[in-house]
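# Summary of structural features
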Amino acid sequence: MHQSFNPSRAFGAQNFLLPALVSAALLSGCGGGNGAAPLSSVPETGAGALPAQRVEQSESSAGSRANATTYSMLSLATLGGKANFASAINSRSQITGTSLLKGDKVEHAALWKAYQPTDLGTLGGPNSEINFYNHGTRGQFVGFSEVSRTDPYAENYCGFGTSNTCLGFSWQNGKMTSLPTLGGNNSAANDVNNRGEILGEAETSIKDSSCPPPFVLDSRGVIWKPNGKIITLAPLSGDTFSNAFAMNRSGAAVGWSGACIVELHAVLWQTGSAINLGSLGGSHYNEALDINNPGQIVGYSDVSGDTATHAFLWQNRTMSDLGTLSGDTNSYAYGINDKAQVVGESCNASSCRGFIWQNGSMTDLNLLVPPSSNLYVLYGADINNIGHIVGVALDQKGLERAI
């Protein structure tokens, strides 16, 4: 099921239709380091006041601030509604995400080229979405969409809050095409590479008694090949579920393996074989979310005792804890580029803030945004090889803004 597996990337219509105004914007870097652009993804919490520590939270980051890139912002238009988010940016700075349409009742997958939005439409149902990556640069974009028929189990597979069946899609040259399942009712696409290989998940016909309602069927990570062949990414031995989020140009894929909606193991699939990436000591809540072309992987893992969750970087067969910003307890890494720059969020019990990790140091993204922007960056969702970032920020009225 394509539910969010971490607290911040949950979107779905039921989460998106919050009393918060979300508008996309572009973060452009200047000064030292690489340029950077859009920060954006998904609403996380309700409206609230701009955190008082907007710039003051600098204990762990002050040392790297002087030579860090600073960012300016450019708003991205919606598809007519009050809210939108951008979840990914590729190396051509093409941005993908989702926007509400006029009336704020329906959301559609969106593509921004030169910062102008294109409505990618649906597969016949009311809603569609792009919630993860689109690493390819050849005009092919993937996500998931409702179709017109009803899901016989009403699983709400893609989180839109309806009883429609949901299928992964591939969009290219103005046409959206559905992706098949493994015998079940639903599927979802999460990434595509330049070879035209599409990564995601698909339901099987196997009923799983361990699934909590409304979920019924097992799912597997899959690769849809351009020739129509489907490669199943099997879970680790002893597990029953798998899900895959990102792949690189060589076809290596990452995700998780576990039980129904329980992400027990962060996994790398190479040539069809599942490799357990290990953990930071915990036994639950372990996910690999993104992989770059050199093969470095980021995600998050519970620490020993499952008392907290930390962002990780996996390289040279070793998982390293990226830690948190000062005063925080949890962190999550969402995107990595080929320069090993990592973006994500660092959280305490009441709030989160976006970070960029590079050269062994984690920096609060709010320290890189001019105070005149009046925005508080909640998290970074993705970063491309130019250093452009997408994420979500909070304005002074407590409204969330995709940036």
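Above this note sits the structure.
For the structure given in this document, a descriptive report is provided here. Along each chain, numbering runs from 1 in the same order as the chain's sequence is written. Side-chain atom pairs in this predicted model are given and counted only at pLDDT of 80 or more, local residue features only at pLDDT of at least 70, and totals for whole chains, interfaces and linings cover all residues. In computing side-chain values, all of the structure's heavy atoms are included and hydrogens and water are not.

This brings us to the overall build of the protein chain. Check the secondary structure of the protein chain and you find two helices and 29 strands. Considering the protein chain as a whole, with its 403 residues, one finds that 61% of them fall into the buried category. Residue contacts are counted whenever heavy atoms from the two residues lie within 4.5 Å of one another. Within the protein chain, counting contacts between residues at least 6 apart in sequence, those at least 24 apart form 53% of the total. Of the roughly 14,100 Å² that the protein chain leaves accessible, carbon and sulfur atoms contribute 50%. The helix and strand labels rest on DSSP assignments: H or I over at least four residues marks a helix, E over at least two residues marks a strand, and numbering proceeds from the N terminus. Residue burial is assigned from relative accessible area. The probe radius is 1.4 Å, only protein chains are included, and a residue is buried under 20% of its type maximum, exposed over 50%, and partly exposed in between. Methods summary: accessible areas were calculated by the Shrake-Rupley approach with a probe of 1.4 Å, and residue burial reflects only the protein chains presented.

As a further point, take the pairing of strand β13 (residues 217-224). A regular strand carries its side chains on alternate faces of the sheet. Of all eight residues in β13, eight are buried, a share of seventy percent or more. A pair of strands is labelled paired if DSSP reports no fewer than 2 bridges between them. Here β13 pairs with strand β14 (residues 230-233) via four bridges, running antiparallel. The residue of β14 that forms the bridge with Trp224 is Ile230. In this antiparallel pair of consecutive strands, β13 and β14, the connection spans five residues, and Gly228 shows a positive phi of 95 degrees.

For this analysis, a nonpolar core means a set of buried residues of the types Ala, Val, Leu, Ile, Met, Phe, Trp, Tyr and Cys, connected via side-chain atoms within 4.5 Å. Core analysis: the biggest nonpolar cluster contains 45 residues, and Leu268, Leu277, Ile297 and Phe312 have the highest contact counts within it. Top contributing element to this core by residue count: strand β27 (residues 375-383), with four residues. Counting residues in hydrophobic clusters, the runner-up holds 12 residues, among them Tyr71, Val369, Ile383 and Ala393.

What follows concerns the state of the cysteines. When two cysteine sulfur atoms are found within 2.5 Å, that pair is recorded as a disulfide. Scanning the model with the defined rule gives three disulfides in all. Disulfide pairing places Cys211 opposite Cys260 at an S-S distance of 2.1 Å. Of note, the bridge from Cys211 to Cys260 carries an S-S torsion of about 110 degrees and is right-handed in sense. With Cys211 in the loop between β12 (198-207) and β13 and Cys260 in the loop between β16 (253-259) and β17 (262-270), this pair connects stretches of sequence that are 49 residues apart. In terms of burial, Cys211 and Cys260 fall into one category: buried. Each sulfur of the disulfide joining Cys347 and Cys352 lies 2.0 Å from the other. Taking the torsion about the S-S bond as the criterion, the Cys347 to Cys352 disulfide, at about 110 degrees, is right-handed. By relative accessible area, which is 5% here, Cys347 ends up buried.

All right, on to the side chain of Gln341 then. Mapped onto the fold, Gln341 is located in the loop between β23 (330-336) and β24 (342-347). The class of Gln341 is buried, set by a relative accessible area of 7%. At 2.7 Å, the side chain of Gln341 forms a polar contact with the side chain of Asn337. In terms of polar contacts, Gln341 uses its side chain to reach the side chain of Gln358, at 2.8 Å. Two N or O atoms form a polar contact when they lie within 3.5 Å of each other; inside protein one atom must be a possible hydrogen donor and the other a possible acceptor, and for residues adjacent in sequence the pair counts only when both atoms belong to side chains.

With respect to the secondary-structure elements, Pro214 resides in the loop between β12 and β13. For the pair Pro214 and Tyr153, spaced 61 residues apart in sequence, the C-alpha separation works out to 7.5 Å. Ignoring anything within four residues of it in the chain, the contact list for Pro214 reads Tyr153, Ala154 and Glu155.

This next bit is on the pattern of salt bridges. Salt bridge criterion: a side-chain nitrogen from Lys or Arg within 4 Å of a carboxyl oxygen from Asp or Glu. Per the counting criterion, the structure on display carries four salt bridges. Between Lys225 and Glu197 there is a salt bridge, and its shortest N-O distance comes to 2.6 Å. Residue Lys225 is located in the loop between β13 and β14, and its partner Glu197 is located in the loop between β11 (183-192) and β12; the two are separated by 28 residues in the primary sequence. Judged by relative accessible area, Lys225 falls into the partly exposed class, the value being 29%.

A separate point is the sheet that holds strand β18 (residues 273-276). Strand pairing within a sheet occurs via backbone hydrogen bonds; the two strands may be parallel or antiparallel. Taken in spatial order, the four strands of this open sheet run β15-β16-β17-β18, and their pairing is antiparallel. Strands at the two margins of the open sheet, each flanked by one partner only, are β15 (241-247) and β18. Along the sheet, successive strands turn relative to each other by an average axial angle of 35 degrees, direction set aside. To get an axis, fit a line to the C-alpha atoms, keeping to the stretch in contact for a helix; angles then go from 0 to 180 degrees between the N-to-C directions.

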